[in-house]
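Architecture at a glance
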Amino acid sequence: MSKTLLKDKIAPKHILVLALLVLAFLFPQIVTQPYFIQIAITVLIYCYWSSAWNIIGGYAGQFALGNGVYIGIGAYVAVLFHQEGFGSPWIGMVLGGVISVMFAFIISKPCFKLRGTYFSLATVAFLHIVRYIILGFNSIFGMETNGGMGIMIPYTGRWQDMQFGKEGFYYVILVMLVLILVVSNVIRTSKMGYYLSAIKTNQGAASTIGINVPKYKMMAQCISAFCLALGGAVYVHFLLNVSPYDVFGYDLSLEIMIYCVIGGSGTLWGPVFGALVLGIINETLRVQLGSDIAPLASAFYGVALILIVRFAPGGLYQLGQMLINKIKGSLGKKKSETKEVSVQ
Amino acid sequence: MSEERIIVVDHLTKRFGGLKAVDDVSIHLNRGETLGLIGANGAGKTTLFNMISGVLKPTSGTITFDGVEIQKKKAHEICKMGIGRTYQIVQPFTTLTLLENVLAGALMRHPRVADAREVAEGIIDMLGISHLKNTKGASLTLIQLKRMEIARALATEPKVLLLDEVMAGLNPGERVELLETMQKIKETGISIIIIEHIMKVIMTLADRAYVLNQGCLIAEDTPQKVMEHPEVIKSYIGERHYAS
Ligand SMILES: Nc1ncnc2c1ncn2[C@@H]1O[C@H](COP(=O)(O)OP(=O)(O)OP(=O)(O)O)[C@@H](O)[C@H]1O
Ligand SMILES: [Mg+2]
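The shown structure was predicted, so the numbers you read here are calculated from the model rather than taken from an experiment. (Residues numbered from 1 in each chain as written. Chains lettered and ligands numbered in written order. Predicted model: local features only at pLDDT ≥ 70, side-chain atom pairs only at ≥ 80, totals over all residues. Heavy atoms only, no water.)

1. Details of the overall build of chain B
Along the backbone of chain B there are ten helices and ten strands. Over its C-alpha trace chain B gives a radius of gyration of 17 Å, about what one expects of a compact globule, namely 18 Å for 244 residues. Along the longest, intermediate and shortest principal axes, the C-alpha atoms of chain B span 50 × 40 × 35 Å. For chain B, with 244 residues in total, the buried portion stands at 54%. The long-range share in chain B, meaning contacts at least 24 apart out of those at least 6 apart in sequence, stands at 66%. (Helix = DSSP H or I, 4+ residues; strand = E, 2+ residues; numbered from the N terminus. Rg over C-alpha atoms; globule rule 2.2 N^0.38 Å. Buried < 20%, exposed > 50% of the residue type's maximum accessible area, 1.4 Å probe, protein only. Contact = heavy atoms within 4.5 Å.)

This is the structure:
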């Protein structure tokens, strides 16, 4: 969370970010095969979700393992809102976000009294409860949800119906990713960011310097839930179907968390980094080897997670940063003047 | 007379199961005063601090701060009202730098990070730890952490500062340094309660002192007079090896 000493100058990392952004925006123009764009969209949404999870799981350090539930709520609300003729799924998406925040509030209130593992388990329990409700009923409040079959979204191709073809989705999700990074950066560098870091490392000391610990945890959880829900709404319109096994699946919640932790939770770029690397590996293998890789992927994640937690708790991102600093240190020995302060 | 009492603790008791860690204790702190709180290990001093700062809720009794009862309030509310504390066992935010630790304390009254940073820098300057500002909490030594904790508490701009054994674990040279710092803080006019086993600190800084023993208040007087109290002589001679 340290700031660079030369904060007014344009650092190399700003140029790097700009280059990355330009590259990301040009990608569909350069690589036009639908197969690659398909993978890119999936990877981007995982970058987005991991960044959203990072707000509660990384910055606030609260391991909300079942937070994928908000992806599902956002998806279902947006789809049902349109299907039942209330209006555009865009409005449904915002409503899904609001409803997710309401759930996050109600669920988290008692959960935040629990610490560590118990908090994680409580969020998982909520995910399972919601999935079984969706699986168990064919309609909810008179709206057709078709239980385990899920809902097909009729293709119209109209942007009002949140449909714009592959390239369109790519850009929409990319913009969402940029937005969530901006939001994360604002949180990180503001009072809230410092408070969440304090809460993450020492809740007792945090409360005796005037931090309302439950309130700040709740804010982080609600922002995270809102962002997850928006992503859910958009992604299912890309898939043209919403299935409880997908959006309320435990796997999705776990994947988001794992990408974030392996990439570097509590850092701005860690979740993006993790989702990019693991997402690309995962999607490529899935396409090459079919669905047989699911157990293989789980085993791979398990091993990777243990290694990261044991040897590099800052994730791949900080590992890379340390390497770069080492290389820099051994190249130029005038480090006494430009002391590199890590910028998470 | 009662309006100059900034803190009044009245018949305060804290039980842990069968143990009365604090037993019917009534004390007060005057505005601008430095108060010493002494007593053998396990006397209940830290427990008393924990109740005043809202970390623990008393079993019975009241604590009044600036005319308001606070024994049911939460720790962050009490901090906002103007009571700051340090911990006997240091509690840094390990992933934050020293400056950020103090900055986090300043944010309560200065919500803009830039303002809080300025306040924090002024305080760590006063405490002589500016050169460490970019060191992470996890890498600081004990004396640095003790100073950081004082700085972090001061950053919340308290009216009352509770210092829990800031000298413990320091070598004699470090103690002299820290005593000077505490003198500086006292001169700002803030009200202070000091828990300390090192008698020199109490003799130098305190205007008045209380003695606790096994949860009970056994003496209240000037530091000099308190030292002559039979119970104090008994417990401190018995503990000399610890105290110095
Ligand atoms: N959270 C707790 N649960 C149970 N017992 C406790 C708790 N906190 C303190 N005690 C007990 O209460 C008594 C008073 O402890 P306290 O820490 O207040 O003593 P102290 O005067 O600060 O001692 P020291 O000089 O060693 O710091 C001790 O017997 C201690 O074991
Ligand atoms: Mg103590």
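So much for the structure itself; the text now carries on.
2. Some thoughts on a nonpolar patch on the surface
All names here are of chain A. A surface patch of nonpolar side chains, about 740 Å² in accessible area, is lined by Phe273, Leu276, Val277, Ile280, Ile281, Leu285, Leu289, Leu296 and Phe300. Only helix H12 (270–289) and helix H13 (293–311) provide two or more residues apiece to the nonpolar patch. Looking at where Phe273 falls in the secondary structure, it is placed in helix H12. (Patch = residues over 30% accessible without salt bridge, like charges linked within 9 Å, V, L, I, M, F, W, Y side chains within 5 Å. Areas by Shrake-Rupley, 256 points an atom, 1.4 Å probe, with all protein chains shown as cover. Salt bridge = Lys/Arg side-chain N within 4 Å of Asp/Glu carboxyl O.)

3. Considering the interface of chain B and chain A
The interface of chain B with chain A comprises 27 residues on the first partner and 23 residues on the second. On the surface where chain B and chain A come into contact, there are zero salt bridges. At the junction of chain B with chain A, the criterion picks out six residue pairs in polar contact (both at pLDDT 80 or more). Of all the secondary structure elements, the ones that give two or more residues to the side of chain B that touches chain A are helix H2 (75–81), helix H3 (98–106) and helix H4 (113–126) of chain B. At four residues, the largest contribution of residues to the side of chain B that touches chain A is made by H3 of chain B. Grouping the constituent residues of the side of chain B that touches chain A by class yields 13 nonpolar, nine polar and five charged. (Polar contact = N/O pair within 3.5 Å; in protein donor to acceptor, adjacent residues only side chain to side chain. Nonpolar A, V, L, I, M, F, W, Y, C, P; charged D, E, K, R; others polar.)

4. Description of H4 of chain B
Compared with the 20 Å implied by 1.5 Å per residue over 14 residues, the 20 Å span of H4 of chain B between its first and last C-alpha is a close match. Looking at H4 of chain B, one finds that the buried residues are Val113, Ala116, Ala120, Ile123 and Ile124 of chain B. What you see down the axis of H4 of chain B is that its buried residues fit within an arc of 95°, all on one side. Facing away from the buried side of H4 of chain B by over 90 degrees, the exposed positions are Glu118 and Asp125 of chain B. Where the residues of H4 of chain B are buried, they touch helix H6 (165–189) and helix H7 (191–201) of chain A together with H3 and helix H5 (142–155) of chain B. Of the residues one or two after H4 of chain B, Gly128 of chain B is the one with positive phi, at around 70°. (Expected span 1.5 Å × (residues − 1). Arc of directions from axis to C-beta.)

5. Regarding the site of ligand 1
Residue and element names in this part refer to chain B. Taken together, 14 residues surround ligand 1, and among them Gly42, Lys45, Thr46, Thr47 and Gln88 come closest. Contact between ligand 1 and Gly44: an oxygen atom at 2.9 Å from a main-chain N or O atom of the residue. Residue Glu165 places a side-chain N or O atom 3.2 Å away from an oxygen atom belonging to ligand 1. Protein contact buries 62% of the 630 Å² of open area that ligand 1 shows by itself. (Near = heavy atom within 4 Å.)

6. Notes on the domain arrangement of chain B
Residues and elements named next belong to chain B. Split by domain assignment, chain B resolves into domain 1 (1–82 + 159–244) and domain 2 (90–157). On a C-alpha basis, the centres of domain 1 and domain 2 stand 24 Å from each other. With 19 residues of domain 1 in contact, the opposing surface of domain 2 contributes 13 residues. A combined buried area of about 1300 Å² lies between domain 1 and domain 2, and 70% of that area is made up of carbon and sulfur atoms. Connecting domain 1 to domain 2 are one salt bridge. (Domains from an automatic or database assignment. Buried area = accessible area lost by both parts, 1.4 Å probe.)

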